[in-house]
Amino acid sequence: MVPYIQARNVVLTFRPKNRDPVTALQGLNLEVGHGEFLSLVGPSGCGKSTFLNVLLGLLRPDQGDLQLGGKKITGPGYERAMVFQEFGLLPWRTVLANVELGMELKGMPVSTRRQRSNELTNLVGLRGFEHHYPHELSGGMKQRVGLARALATDPEVLLMDEPFAALDAQTRDLMQAELLQIWDRTKKTVIFVTHSIEEAAYLSDRVAVITSRPGRAKKVLDIKLPRPRDYEMRLSPEFNDIKADIWHSLKEELISKGGSDGR
Amino acid sequence: MTGVVNFYRERESSILGIGFIVLFLVAWESIPLWVSLPKGVSLFFTTPSQVAVKFYELMADGTIQEHFYISAWEFVVGLGLSIAVGLPFGLIMGRSRTLDALLDPYVTALNATPRLIWLPLLIIWAGIGVWSKILIVFLGAVFPLLINTYTGVKNVDRVLINMVRSFGAREWHVMKIVVLPYSVPFIVAGLRLAVGRAVLGVVVGEFFAATKGLGAMIARAATAYQVDVVFVGMAIFMGISLIFTFAIKKLETNLSRWRPEQVKTF
Amino acid sequence: MDVKEIYQKYRRLVLGVISLISLVALWEFALTYVITYDPFFFTTPSYIIVAAKELLLGDRLWRDLAVSSHAFLWGFSAAVIIGIPIGAVMGWRRRVEYALDPFLTGLYASPLVALAPLIILVFGVGLTSKAVLIFLLSVFPFIFNTFSGVKSTDQLLVNVVRSFGGKERHLYFKVILPSTLPYLVAGARLAIGRGIVGVIVGEFFASSEGIGFAIAQFGDTYRLPEMFVGIIILSLIAVALTEALRKFELIIAPYRADMEIR
């Protein structure tokens, strides 16, 4: 079976002014199946966010082969949408208007946009807040808007860059459960970047451990937990074993990373 | 070759900046070479080199020094007064809401009104000696100082104030230990604005109400079509403004190092 | 609501009004009954009010205001039309910023008013020189505020729009423009103050009409009450414009919790 997303030998080096070049990705290989939930975990600065941006089409790799559904990735496209860690909402737009942003750029007619944005705002649990402004919302609410916006253009692939990192622990748990529900309903392919092993194990079908900089996919683990997942599973011994596996693979990377931090 | 490229890359901002200014001066200087000026215009025209020459001349015969001392005196006294009045008032108005409410109408009105408008009145009261200029300088400079001090004081973190109070500190101590240090970056920013206004006050005051001083020199030269003298005066004011502004900006950055957020200043 | 509640709510306003009224009353009282003054140097509120009635009912003052406003509008509009694009290009293209910033900062920091005599020499007395002066004085806040606004556009938002496939023009209209708007309005506020200075300087120097000229003339002829009327009117206009813009700033950008130093 041909994997839905295929990344082969991706190499990317940053060349900032007045500083030494930084190789973020060195020969990264990854395959993602259609409708799969895949997490990327790795030490800080390993390049997982960079890779996400490459998949999104905002960054061009120096070398390597990237394919989505058999077609080469050359730039941003409507079949992929990103949810950002710092939300990235336009502060001068209401919730509804923010959700509509992608659809606007795609050129969808106003009535469709309006209808969909209302639906999605409802889906992410923000009914009643349609005309609120971002500065009136909590972190969790802002991220829901971000999620709604990403879903609005009906992308095939959702790219999520540590979307819950800026939220408090309880909101985070809540959002994880909601994300799983939405994913279950919409059947998107999700690539999820996180620092949290627990989060990765809880949410995903597979977890890829990325080496420290320059990043490659070191090991990919199958998460053999039944779906739908519930909170109780986090307390089970199987879950702990899975976490331990991931941790062992990750540990070496954290140690070897040593003092080479700084993106 | 890469050596040159690297050199350029590192200093790109200064090279482009200085380059533009040099280009501008060269273009200005060479205008008479490209365009033959009609008789009327050449009366008003001068070039950077002529200005420079005139500068040396006026320095040599002491004209500049003479006018400069007067302007400088007006500037210093006016600025000093504005600090002496602006700072305390800003502090007190920031701490006392009653006083703030009582004085706010005057501060707002006087700040929004161009100080220049008081000049005819000041001429009536203080004649055309130094004092009318000092007062214009004062009126111009006192408000940025007052308002910025006030803003600084008002924005002091309540938590810090409560903390110091919990040690039994009186108002005076609270001011000294928390409020004043916290407000320093604001005050310095206010000082920078005040200096700009003070220079303006000197210039404008001397235009209309003086026979001595650099502003008066410029005004007189203009009526006598001595355009190069006008630019000499202008350049001097510009130089002084720049020196003060950069010096205070340096001070600001040094004193603001502990501040997380940006202090916006125009 | 009883009196105490009303007081708390409008305290600031009430105290301000009380302050103004007391000052005027004190002034009137002191100069009318307590101190004898030389009418060449001082005047009282009652005389000012009389003069105000006369001037406001006549045409002369209105004509002067019209002349001044005319010049102001010309110069100010030129500043908007020229200043904003320059600032925008500087904010968007780093090289342009590098080239222009030192030059323009130097000009901004210098008292351009010093060129007023020269401008009048070149353009003669009248509308043009006033407009040029106003333009020179008010263009810089627009340049620098637009520059600052564009430069401080949140890169994250730019990435968001790009990630949805937005093109350059989408970036301009959907992110940069709205993001810069508060800065523009703040710049307008600063520019108005400087522009008014330009009007006055121009009129003091060489004009036979305009509010600045009127005030100067009143001063020359020792007509203090009339002079005060002129000053107060100009003051009211300046305050009204400035405060209106401040309110406008708050309306279009309630999400900005920035502090501003005026």
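J.: Mind laying out the overall build of chain C, listing which residues take part and the relevant values?
T.: Secondary structure summary: chain C contains 11 helices and 0 strands in total. When its helices and strands are written in sequence order, chain C yields α-α-α-α-α-α-α-α-α-α-α. Over its C-alpha atoms chain C spans a radius of gyration of 23 Å, topping by over 25% the 18 Å that the globule rule assigns to 262 residues. Burial statistics for chain C: of 262 residues in total, 43% are counted as buried. Long-range contacts, defined as pairs at least 24 residues apart, comprise 75% of the intrachain contacts of chain C with a sequence gap of at least 6.

J.: So, the overall build of chain A: which residues are in play, and what are the values?
T.: What chain A contains, in helices and strands, is 8 helices and 10 strands. In terms of C-alpha radius of gyration, chain A reaches 18 Å, essentially the compact-globule figure of 18 Å for 263 residues. The principal-axis extent of the C-alpha atoms belonging to chain A is close to 50 × 45 × 40 Å. For chain A, the proportion of its 263 residues judged to be buried stands at 42%. Taking all contacts inside chain A whose residues are at least 6 apart in sequence as the whole, residues at least 24 apart take part in 72%.

J.: Help me get a handle on the sheet that holds strand 8 (residues 189–194) of chain A, residues and values and all.
T.: Residue and element names in this part refer to chain A. Read across the sheet, 6 strands follow the order 6-7-8-3-9-10 without closing on themselves; strand pairing throughout is mixed. Here the strands that pair on one side only, and so sit at the sheet edges, are strand 6 (80–83) and strand 10 (217–222). Across this sheet, the average inter-strand angle for adjacent strands is 20 degrees, counted without regard to direction.

J.: Residue-level account of the environment of L255(B), with values.
T.: Residues and elements named next belong to chain B. Mapped onto the elements, L255 comes out in helix 12 (residues 227–255). Taking the number of C-beta atoms within 10 Å as the measure of exposure, L255 has 15 and is therefore partly exposed. Sequence separation between L255 and Y182 is 73 residues; the distance between their C-alpha atoms is 10.0 Å. Apart from the residues within four sequence positions on either side, L255 is in contact with V184, P185 and V188.

J.: Tell me about the sheet that holds strand 1 (residues 5–14) of chain A, and please be specific about residues and values.
T.: Strand pairing within a sheet occurs via backbone hydrogen bonds; the two strands may be parallel or antiparallel. All names here are of chain A. One open sheet holds the 4 strands; their spatial order is 2-1-4-5, and the pairing between them is antiparallel. Edge positions in the open sheet fall to strand 2 (22–32) and strand 5 (71–72), since each of these has one partner strand only. Direction of pairing for strand 1 relative to strand 2: antiparallel, over a ladder of 8 bridges. Note that in strand 2 the partner of V11 across the bridge is Q26.

J.: Before we move on, could you go through the pairing of strand 9 (residues 206–210) of chain A and cite the residues and values that matter?
T.: Residues and elements named next belong to chain A. For strand 9, a buried count of 4 out of 5 residues is recorded, marking the element as mostly surrounded by other parts of the structure. Where strand 3 (residues 37–41) and strand 9 come together, 4 bridges link them in parallel fashion. Considered in strand 9, the bridge of L40 is made with A208. Examined bridge by bridge, strand 9 and strand 10 share 5 bridges and lie antiparallel to one another. Bridge pairing in strand 10 places I210 opposite A217. Counting the residues in the hairpin turn of strand 9 and strand 10 gives 6 residues.

J.: Break down the interface of chain C and chain B for me, with residues and values.
T.: Between chain C and chain B, the contact holds 51 residues from the first and 54 residues from the second. Among the secondary structure elements, those contributing two or more residues to the side of chain C that touches chain B are helix 2 (11–34), helix 5 (94–109), helix 6 (116–123), helix 7 (127–151), helix 9 (168–205), helix 10 (211–220) and helix 11 (224–252) of chain C. No other element matches helix 5 of chain C, which puts 9 residues into the side of chain C that touches chain B. Its residues assigned to classes, the side of chain C that touches chain B comprises 35 nonpolar, 9 polar and 7 charged.

J.: Can you break down the domain arrangement of chain C residue by residue, with the values?
T.: Its domain assignment divides chain C into domain 1 (3–36) and domain 2 (50–252). Just the C-alpha atoms count here: the centres of domain 1 of chain C and domain 2 of chain C sit 34 Å apart.

J.: Now, about helix 10 of chain C: what can you tell me, with residues and values included?
T.: A large share of helix 10 of chain C lies buried, amounting to 8 of its 10 residues. Among all positions of helix 10 of chain C, only I211(C), G212(C), F213(C), A214(C), I215(C), A216(C), F218(C) and G219(C) are buried. For helix 10 of chain C, the secondary structure elements touched by its buried residues are helix 7 (119–126) of chain B together with helix 4 (60–92), helix 9 and helix 11 of chain C. Downstream of helix 10 of chain C by a residue or two, Y222(C) has a phi angle that is positive, lying close to 55 degrees.

J.: Any chance you could break down the confidence of the model for chain A for me, citing the residues and the numbers?
T.: Residue and element names in this part refer to chain A. On average, residues of chain A score 87 in pLDDT, and 95% of them are at 70 or above. Looking at the elements of chain A, mean pLDDT is at its lowest for strand 5, recorded as 84, and at its highest for strand 8, recorded as 94. Here residues 259–263 scores under 50 on pLDDT; set against residues more than four positions off or in separate chains, the count is 6 contacts.

J.: An account of the domain arrangement of chain A is requested, with residue identities and associated values reported.
T.: By convention, interface size is frequently given as the accessible area that disappears when the constituent parts associate. All names here are of chain A. For chain A, the assigned domains are domain 1 (34–79 + 155–250) and domain 2 (89–154). Relative to domain 2, the C-alpha centre of domain 1 lies at a distance of 23 Å. Across the contact, 13 residues belong to domain 1 and 10 residues belong to domain 2. Ranked by residue count, the leading element in the side of domain 1 that touches domain 2 is helix 6 (residues 169–186), at 6 residues.

J.: Explain the nonpolar core to me, using residue names and the numbers behind them.
T.: Counting 205 residues, the largest nonpolar core has I191(A) and V201(C) as the members making the most contacts within it. The element contributing the most residues to this core is helix 10 (residues 171–208) of chain B, with 19 residues. When near neighbours in sequence (up to four residues on either side) are disregarded, I191(A) contacts V32(A), L38(A), L40(A), L52(A), L55(A), V157(A) and L159(A).

J.: Describe the confidence of the model for chain C, listing the residues and the values that go with them.
T.: Low pLDDT means the predicted atomic positions in that stretch should not be read closely. Residues and elements named next belong to chain C. On average, residues of chain C score 86 in pLDDT, and 96% of them are at 70 or above. Averaged pLDDT values for the elements of chain C fall to 72 in helix 1 (residues 3–9) and rise to 93 in helix 4. Across residues 257–262 the pLDDT falls below 50, and counting only partners more than four positions away or on other chains, this stretch makes 14 contacts in the model. Scored as a whole, the predicted complex attains pTM 0.78, and scored at its interfaces, ipTM 0.80.

What counts and what doesn't
Residues numbered from 1 in each chain as written. Chains lettered and ligands numbered in written order. Predicted model: local features only at pLDDT ≥ 70, side-chain atom pairs only at ≥ 80, totals over all residues. Helix = DSSP H or I, 4+ residues; strand = E, 2+ residues; numbered from the N terminus. Rg over C-alpha atoms; globule rule 2.2 N^0.38 Å. Buried ≥ 20, exposed ≤ 12 C-beta atoms within 10 Å, placed from the backbone. Contact = placed C-beta atoms within 7 Å. Pairing = 2+ DSSP bridges. Axes fitted to C-alpha atoms, helices over the stretch in contact; angles between N-to-C directions. Nonpolar A, V, L, I, M, F, W, Y, C, P; charged D, E, K, R; others polar. Domains from an automatic or database assignment. pLDDT = per-residue confidence, 0-100. Core = buried A, V, L, I, M, F, W, Y, C linked by C-beta atoms within 7 Å.

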